[in-house]
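Coordinate inspection notes
Below are the chains, spelled out letter by letter.
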Amino acid sequence: NGAQFSPRLGIPSVHIVNAKAAGEAMAHLYSLGHRRIGIVTGPLVSPLSRDRLEGATAQAKKQGAERDFIAMNGDFSIESGAVAAARLLARREPPTAIFCFNDEMAMGVYMTAQREGIRIPADLSVVGFDDIRYAACMNPPLTTVAQPMREIGEGTVRLLMQILKDPEARPEPVTLPHILTVRSSTAPATCSGVRAAGPGK
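Everything numeric here is computed off the predicted structure, so don't read it as measured data.

Quick notes on the rules
- Residues numbered from 1 in each chain as written.
- Predicted model: local features only at pLDDT ≥ 70, side-chain atom pairs only at ≥ 80, totals over all residues.
- Heavy atoms only, no water.
- pLDDT = per-residue confidence, 0-100.
- Contact = heavy atoms within 4.5 Å.
- Helix = DSSP H or I, 4+ residues; strand = E, 2+ residues; numbered from the N terminus.
- Expected span 1.5 Å × (residues − 1).
- Buried < 20%, exposed > 50% of the residue type's maximum accessible area, 1.4 Å probe, protein only.
- Patch = residues over 30% accessible without salt bridge, like charges linked within 9 Å, V, L, I, M, F, W, Y side chains within 5 Å.
- Areas by Shrake-Rupley, 256 points an atom, 1.4 Å probe, with all protein chains shown as cover.
- Salt bridge = Lys/Arg side-chain N within 4 Å of Asp/Glu carboxyl O.
- Phe/Tyr/Trp six-rings, centres within 6.5 Å; stacked < 30°, edge-to-face > 60°.
- Lys NZ or Arg CZ within 6 Å of the ring centre and 35° of its normal.
- Axes fitted to C-alpha atoms, helices over the stretch in contact; angles between N-to-C directions.
- Parallel < 35°, antiparallel > 145°, perpendicular 65-115°, else oblique.
- Left-handed = near helix turned anticlockwise from the far one by under 90°.
- Nonpolar A, V, L, I, M, F, W, Y, C, P; charged D, E, K, R; others polar.
- Pairing = 2+ DSSP bridges.
- Core = buried A, V, L, I, M, F, W, Y, C linked by side-chain atoms within 4.5 Å.

**Details of the confidence of the model for the protein chain**
Model confidence for the protein chain is summarised by a mean pLDDT of 87, while 87% of its residues fall at 70 or above. Across residues 195–201, where pLDDT falls below 50, the model places nine contacts with residues more than four positions away in sequence or in other chains.

This is the structure:
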């Protein structure tokens, strides 16, 4: 799930800007015409979950779509993604897209969609976060936010070495770039909509 660092903690860290990354993922869905977007967060005790929720919420407000924004809590596990998806998709007006705060929960959304006969992306667009190595192998390949995990790891080791050499050192936080990797799990909302498939789906 990436390093549990946030600039707001005020401790040396190597991180991406989670709020900005989540906002870009939401902007991608809005650009495809989605309005009803479900969110599956990680535990909100996690700084990165709170930052991602902040960015997603800000983008919904920017689009004037905060009333169509539905958030469910997950715990970063596949199972919690499946449960949250079942709840979201059982709503009277289900979302046409679901954004998960990690790729494992997106896998859970895929499982629920498959069980319910909901096609991704024809009926439902899905976005994850992290770009784990399995994301490109999912069916369909998952649109997700890629973090430079190797660089985060290497940078964190460098910060720790600095602190070990000089306990009084206060290294500056390092911000690394993220990339929204668009694959085929997202499609225009005109083609999406769980209800659009009708009773004979």
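**Description of helix α1 (residues 18–31)**
The terminal C-alpha atoms of α1 lie 20 Å apart, and with 14 residues this matches the ideal 20 Å at 1.5 Å per residue to within 8%. Most of α1 sits inside the fold, with 10 of its 14 residues counted as buried. Along α1, the positions that sit buried rather than exposed are Asn18, Ala19, Ala21, Ala22, Gly23, Ala25, Met26, His28, Leu29 and Tyr30. Gly33 occupies a position one or two residues after α1 and carries a positive phi of about 95°.

**Quick notes on a nonpolar patch on the surface**
Among the surface-exposed residues, Val157, Met161 and Leu164 lie close enough to one another that they form a single nonpolar patch of about 320 Å² accessible area. With respect to the secondary-structure elements, Met161 resides in helix α5 (residues 149–165).

**Comments concerning the packing of aromatic side chains**
Any aromatic ring pair is given by two values, namely how distant the centres are and how the planes are angled relative to each other. Within this structure, the stated rule accounts for one aromatic pair. In this structure, Arg52 is placed above the aromatic ring of Phe129, and the distance from its NZ or CZ to the ring centre is 3.5 Å.

**As for the packing of helix α3 (residues 78–89) against helix α4 (residues 103–116)**
Where α3 meets α4, the closest approach of the two axes is 6 Å, and the angle between their N-to-C directions is 50°. Between α3 and α4, the crossing angle belongs to the class labelled oblique. Where α3 crosses over α4, the two elements pack in a sense that is right-handed. Note on element contacts: α4 touches α3 through Glu104, Met105, Met107, Gly108, Val109, Met111, Thr112 and Arg115, opposite Ile78, Ser80, Gly81, Ala82, Ala85, Ala86 and Leu89. Residue composition of the contact of α3 with α4, grouped by class: nine nonpolar, four polar and two charged.

**Details of the environment of Phe69**
Looking at where Phe69 falls in the secondary structure, it is placed in strand β3 (residues 69–73). Note on Phe69: relative accessible area 16%, which makes it buried. Along the chain, Phe69 and Pro95 lie 26 residues apart, while their C-alpha atoms are 8.5 Å from each other. The contact partners of Phe69, leaving out residues within four places of it in the chain, are Met26, Ile37, Ile39, Leu53, Ala56, Thr57 and Ala60.

**Observations concerning the pattern of salt bridges**
Two side chains carrying opposite charge are able to pair once their charged atoms lie near each other. Counted according to the given criterion, the structure contains four salt bridges. Residues Asp130 and Arg52 are paired through a salt bridge, measuring 4.0 Å at the closest nitrogen-oxygen approach. With Asp130 in strand β5 (residues 125–130) and Arg52 in helix α2 (residues 47–62), the pair connects residues that are 78 residues apart, well separated along the chain. For Arg52, a relative accessible area of 0% translates into the label buried. Put simply, Arg183 and Asp131 hold a salt bridge, and the shortest N to O gap is 3.0 Å. With Arg183 in the segment after β8 (179–181) and Asp131 in the loop between β5 and β6 (143–146), this pair connects stretches of sequence that are 52 residues apart.

**Quick look at the sheet that holds β8**
Taken in spatial order, the six strands make up an open sheet running β3-β2-β4-β5-β6-β8, and their pairing is mixed. Each having just a single partner strand, β3 and β8 make up the two edges of the open sheet. Here the average twist between neighbouring strands, direction ignored, is 20°. Of the strand pairs in this sheet, strand β2 (residues 37–41) and strand β4 (residues 97–100) are connected by four bridges, and their pairing is parallel. Within β4, the position partnered with Ile37 by the bridge is Ala97. In this fold α4 packs onto β2, β4, β5 and β6, with an angle of close to 155° to the strand it touches most, β5.

**Examining the nonpolar core**
By size, the foremost hydrophobic cluster in this structure holds 44 residues, and its most contacted members are Met26, Ile39, Ile98, Phe99 and Val126. Among the secondary structure elements, those contributing two or more residues to this core are α1, β2, α2, β3, α3, β4, α4 and β5. With six residues, the top contributor of residues to this core is α1. Those residues in contact with Ile98 that lie beyond four places of it in its chain are Gly38, Val40, Ala85, Leu88, Val109, Leu124, Ser125, Val126 and Val127.

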